[in-house]
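So the chains spell out like this:
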Amino acid sequence: IWDTAGQERFRSVTHAYYRDANALLLLYDVTNKASFDNIRAWLTEIHEYAQQDVVVMLLGNKADSTHNRVVKREEGEKLAKEFGVPFMETSAKSGLNVELAFTAVAKELKHRTMKEPDEPKFELKEFVDREMRTAGCC
Ligand SMILES: Nc1nc2c(ncn2[C@@H]2O[C@H](COP(=O)(O)OP(=O)(O)OP(=O)(O)O)[C@@H](O)[C@H]2O)c(=O)[nH]1
């Protein structure tokens, strides 16, 4: 697992990281509108530099910061829908959905490599939606 820097000055280095990545967790900060607005540019970059079948998940982090929130959950959902990627809000502080985010991409990757011909297809987005409902999340 690589934690790449978001700053522009490291951009040439981060390209090298995601070229070989199997999965990418793309985070924005729900208390920082600019980080949300940058997601489109990141998705364009991913399209350009990452492997075509890379697993991408959009995460709105700092969901615990209710008072400082400037990006609504619905806005994250809408953007994720537009790009056809699964989405959830997380909090590194409280631990909300952190394990689920990693488990979901790991399951997707495992199913891709181990899939038997008669096995039903694993749907990452459905798995995430189902887990969120079960957890009575947010
Ligand atoms: N309240 C809250 N604060 C968080 C959360 N996640 C990170 N932070 C805080 O946000 C600040 C930035 O966190 P980093 O993990 O350094 O963020 P980053 O995106 O990796 O930063 P770069 O490495 O510069 O790209 C730190 O002060 C963290 O403590 C969260 O879920 N909730």
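Residues numbered from 1 in each chain as written. Predicted model: local features only at pLDDT ≥ 70, side-chain atom pairs only at ≥ 80, totals over all residues. Heavy atoms only, no water.

### Comments concerning the overall build of the protein
If you tally the helices and strands in the protein, you get 6 helices and 3 strands. For the protein, the α and β elements follow one another from N to C terminus as α-β-α-α-β-α-β-α-α. The C-alpha radius of gyration computed for the protein amounts to 15 Å, which stays within 12% of the reference 14 Å derived for 138 residues, consistent with globular compactness. Its C-alpha atoms put the protein at 50 × 40 × 25 Å along the principal axes. Taken over 138 residues, the protein has a buried fraction of 37%. (Helix = DSSP H or I, 4+ residues; strand = E, 2+ residues; numbered from the N terminus. Rg over C-alpha atoms; globule rule 2.2 N^0.38 Å. Buried < 20%, exposed > 50% of the residue type's maximum accessible area, 1.4 Å probe, protein only.)

### Comments concerning the packing of helix α5 (residues 98–114) against helix α6 (residues 124–134)
In the contact formed by α5 and α6, the axes pass within 10 Å of each other and the chain directions differ by 150°. Classified by chirality, the crossing of α6 by α5 is right-handed. Contacts from L100, A104, V105, K107 and E108 in α5 reach L124, F127, V128, E131 and M132 in α6. Residue composition of the contact of α5 with α6, by class: 7 nonpolar, no polar and 3 charged. (Axes fitted to C-alpha atoms, helices over the stretch in contact; angles between N-to-C directions. Left-handed = near helix turned anticlockwise from the far one by under 90°. Contact = heavy atoms within 4.5 Å. Nonpolar A, V, L, I, M, F, W, Y, C, P; charged D, E, K, R; others polar.)

### What to know about the layout of surface pockets
Quantified by volume, the largest pocket comes out at close to 1100 Å³. Surrounding the largest pocket, 33 residues form its lining, W2, T4, L25, L26 and L27 being those nearest its centre. Breaking the lining of the largest pocket down by element, the ones donating at least two residues are α1 (11–19), β1 (23–29), α3 (39–49), β2 (55–61) and α5. The greatest single-element share of the lining of the largest pocket, amounting to 7 residues, is contributed by β1. The residue makeup of the lining of the largest pocket, split by class, is 22 nonpolar, 8 polar and 3 charged. Estimated volume of the second largest pocket: approximately 440 Å³. Around the second largest pocket, the lining is made up of 22 residues, and of these V54, V56, F83, G84 and V85 lie nearest the centre. (1 Å grid on protein atoms, 1.4 Å probe; cavity = no way out; pocket = protein on both sides within 12 Å on 5 of 7 lines; lining within 4 Å. Points joined across faces, edges and corners; volume = space filled by probe spheres on them.)

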